[in-house]
Amino acid sequence: MVLNKKFTWGGASAANQYEGGYDKGGKGLNAIDVLTNGSATEPRKVTWKKTNGETGATPLVWGKKFKLPEGAIPTILDGYYYPSHQGTDFYHHYKEDIKYMAEMGFDVFRLSLNWSRILPNGDDKKPNKQGLEFYDKIFDECAKYNIKPLVTLSHYETPLSLIIRFGGWKDRHLIDAFVHYSDIVMRHYKGKVKYWLTFNEINAMDMSPYMGGGLIDGSEQNRAQGAHNLFVASSKVVKLAHEIDPENQVGQMLAYSAIYPYTCDPKDQIKVMEAKQAMLFYSDVQTGGHYPNYRLKKYERDGIKLDDRLEDYKLIAKYPADFLSFSCYTSNVLTTHNADAKASGNVSSGGIVNPYLESNSWGWATDPDVLRIALNDLWDRYHKPLWVVENGLGWSDKLEEDGKVHDDYRIKYLRAQIKSMEDAVDIDGVDLMGYTMWSAIDLVSNGTGEMKKRYGFVYVDRDDRGNGSLKRYPKDSFYWYKKVIASNGKDL
Ligand code: BG6
């Protein structure tokens, strides 16, 4: 294939799933620190208390409405297990883990900064020195091996204090808080970090507004305002990043997947078109620079009124994202003929089974062509450089007695994904910056909070209740990926 010399290979992670050390070094709590574990059948829950002492736990399901009871304040409660508290302990294993990444030949390591590790309340005037130092150590370690960090400023990690005081991103105060936080970290890590992503899967604002925006009332009005505030914050941060260091590049991060109609009934095509609009609205604004009419019309129909300023739209048009990155794991199928189709069991897609594809135990279909399709969709629409920053296979891997993990199913999946990505470059001429597989090292699943749903090239000895030595074991896919990187994607 013809991936250019600057094409970057690597792996991805998120602080709330990986880092642990949730109360170490002066860190404040974030949205995920009050989210319990779950499973494929049992949703994760946000725990809370009221001032009258009442406590409870509200289920959080991707794609379903979410609202905490009136007066409920999210908090940690006894008797629940919170997987983000330890993650897989990157906090104490970063040297070892980065060494593994170097051994695979990573050019890039995608990680998120835990916003409340830098600003414990999210908007403190002065940063927490220990928090800044922690990431300094990580970036220095990466530099030792010539690994460039790709930093997500917020990967579902809205500081809890901002959620409690302002109800999350529905309040414009969060724009200022985020710009302030970005200003601190971009100045502090100048020269060490040059690739930034603002918000992980920004369209989670619609699908999981608590994760995407720290909303404890995910009404349509709040989601629309939350999205608007994210867009304004993104443009301000793009402007700021370029002022701080002209070398900085700030990307959007979108959750994107191909969606197929189950039948050729035009009604199915319309259903797919509308589902795509729901995703692409976010990139039309953040990368394209303009609110699309289909969304404005929707707001008009639904009586949504934004707290906006003329200046917001000027900023959005003038400072769009420099590149568009996205996550893409699977494709989905939609239909208006539900009686003829079988539900996929993928709670996060609400789709149905694609009879041409195999699925994992969580109902995620393995689609060998999905990246070519996704890359073409996005390239044709924006003509901006693209970056696949998440793609991988969740599997209940087995550690053998000899310390090996034979994940040939993951190799098979990745081989097809990389081939599909290469087709988009070779056949279609898409401009692609790189690929960071999810995840470099095993970490907690975001959707279910399980350890059992593993993605990494390196196995971590930890179970769903937080037991295990945390010892690391390279899987078979580790050695395979090393070969792929060394051949710049030729030896698959
Ligand atoms: C993406 C998220 O949606 O998918 C990650 O950005 C997440 O945080 C990944 O881990 C895989 O999803 P899951 O639910 O299998 O962990």
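Structure first, text after, so check above.
What this report covers is the structure whose coordinates are included nearby. (Residues numbered from 1 in each chain as written. Predicted model: local features only at pLDDT ≥ 70, side-chain atom pairs only at ≥ 80, totals over all residues.)

Let's talk about the sheet that holds strand 3 (residues 55-60)
Reading across the sheet, the three strands line up as 3-2-4 and stay open at both edges, with antiparallel pairing between neighbours. Pairing within the sheet leaves two strands with one partner each, and these edge strands are strand 3 and strand 4 (73-74). Two strands pair when backbone bridges link them, and strand 2 (residues 44-49) and strand 4 are joined in this way by two bridges, in the antiparallel orientation. Looking across to strand 4, one finds that W48 is bridged to P74. (Pairing = 2+ DSSP bridges. Helix = DSSP H or I, 4+ residues; strand = E, 2+ residues; numbered from the N terminus.)

With respect to helix 14 (residues 408-426)
Note that an α-helix has 3.6 residues per turn; residues three or four places apart therefore point the same way. Counted at 1.5 Å a residue, the expected span for helix 14 with its 19 residues is 27 Å, and the 26 Å between its end C-alpha atoms agrees. Every buried residue belonging to helix 14 is among R410, Y413, L414, Q417, I418, S420, M421, E422, A424 and V425, and all of these are buried. As for helix 14, its buried residues are in contact with strand 13 (365-366), helix 13 (370-382), strand 14 (386-390), strand 15 (432-438) and helix 15 (476-486). (Expected span 1.5 Å × (residues − 1). Buried ≥ 20, exposed ≤ 12 C-beta atoms within 10 Å, placed from the backbone. Contact = placed C-beta atoms within 7 Å.)

A closer look at the pairing of strand 5 (residues 108-112)
The two faces of the sheet receive side chains in turn, since in a regular strand these alternate between them. With respect to burial, strand 5 is a largely interior element, five of its five residues being buried. Side chains V108, R110 and S112 project from strand 5 onto one buried face, and the interleaved F109 and L111 project onto a second face that is buried too. Pairing between strand 1 (residues 8-12) and strand 5: three bridges, direction parallel. Bridging from a neighbouring strand, A12 pairs with R110 of strand 5. Inspection of the sheet shows strand 5 paired to strand 6 (residues 148-154) by five bridges, in the parallel sense. The residue bridging R110 from the neighbouring strand is L150, located in strand 6.

What about the packing of helix 9 (residues 220-244) against helix 12 (residues 310-318)?
At a closest axis distance of 9 Å, the pairing of helix 9 and helix 12 adopts a crossing angle of 55°. The orientation of helix 9 relative to helix 12 falls into the category oblique. The crossing of helix 9 and helix 12 is left-handed. When helix 9 is examined against helix 12, the residues F231, V232, S235 and K236 are found in contact with a partner set consisting of D312, L315 and I316. Looking at the contact of helix 9 with helix 12 residue by residue, the class counts come to four nonpolar, one polar and two charged. (Axes fitted to C-alpha atoms, helices over the stretch in contact; angles between N-to-C directions. Parallel < 35°, antiparallel > 145°, perpendicular 65-115°, else oblique. Left-handed = near helix turned anticlockwise from the far one by under 90°. Nonpolar A, V, L, I, M, F, W, Y, C, P; charged D, E, K, R; others polar.)

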